[in-house]
Amino acid sequence: MKKLLLIITLSLSGIFINAQSGNPTKEETVKFIDKTLKKAIGEKISIDLVLTDIHFNPDKLIVVSSYASERPETDIYENMDWTRFTLLREQPDSFLSPKIMEIVLYFDSKIKSTYEGKSKYDGNTINIYAPKDTVESVKKAILHLVELAKKEEDNNPFK
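Residues numbered from 1 in each chain as written. Predicted model: local features only at pLDDT ≥ 70, side-chain atom pairs only at ≥ 80, totals over all residues. Heavy atoms only, no water.

Outline the overall build of the chain, supporting the account with residue identities and numerical values.
A tally of helices and strands in the chain yields three helices and six strands. Secondary structure elements of the chain occur, N-terminal to C-terminal, as α-α-β-β-β-β-β-β-α. Relative to its full complement of 159 residues, the chain shows a buried share of 35%. Across the chain, contacts joining residues at least 24 apart in sequence account for 48% of those joining residues at least 6 apart. (Helix = DSSP H or I, 4+ residues; strand = E, 2+ residues; numbered from the N terminus. Buried < 20%, exposed > 50% of the residue type's maximum accessible area, 1.4 Å probe, protein only. Contact = heavy atoms within 4.5 Å.)

Explain the pattern of salt bridges to me, and be specific about the residues and the numbers.
All told, the structure shown has seven salt bridges when counted by the stated rule. Between Lys139 and Glu90 there is a salt bridge; the shortest N-O distance is 2.9 Å. Residue Lys139 is found in helix α3 (residues 135-154), and its partner Glu90 is found in strand β4 (residues 85-91); the two are separated by 49 residues along the sequence. Close ionic contact of Glu136 with Lys139 constitutes a salt bridge, the shortest N to O distance being 3.2 Å. With Glu136 and Lys139 both in helix α3 and three residues apart, this pair spans about one turn of that helix. When its relative accessible area of 45% is taken as the criterion, Glu136 is described as partly exposed. Residue Lys139 is classed as buried on the basis of its relative accessible area, which comes to 17%. (Salt bridge = Lys/Arg side-chain N within 4 Å of Asp/Glu carboxyl O.)

Provide a residue-level description of the nonpolar core, including the pertinent values.
Formed by 34 residues in total, the largest nonpolar core has its most connected members in Phe56, Leu61, Trp82, Leu105, Ile126 and Ile142. Broken down by secondary-structure element, the contributors of at least two residues to this core are α2 (26-38), β1 (50-57), β2 (60-66), β4, β5 (100-115), β6 (118-131) and α3. A total of seven residues in this core trace back to one element, the largest contributor, which is α3. Not counting residues up to four positions away in its chain, the partners in contact with Leu105 are Trp82, Phe85, Leu87, Leu88, Asn124, Thr125, Ile126, Ile128 and Ile142. (Core = buried A, V, L, I, M, F, W, Y, C linked by side-chain atoms within 4.5 Å.)

Laid out in structure tokens, this is it:
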């Protein structure tokens, strides 16, 4: 009987340990977001503008888009303080490809934006594009990234 109780206790301990370690790390979360956003490449994001490349990491978002006959435009967003993230929402747009959805991220701090090689701190929102069937997963991943950033900030002994 004691052996059976010991086996049950060890089994339950293993289950609880695995359940607690099931949250993705910051690196896994960022990799998921980047990989998922890349699935929108090739889709129309405005009347004639097509998303041709995207790179996401917590410090920088690079969005490359182009019109059919022109050279690509590169938009770079930096200075994203995830501890100052406030809101995200879906933005329906009739000009978007029916396969993707725009998600708007709001911060209570200024975002450094670079358009056509000119940098400025001009806003507190970032627009990202995700395949419609992944929007909920991307939103959850963004919120998880925010949670991880706030935990890192709380654990900073030098703040």
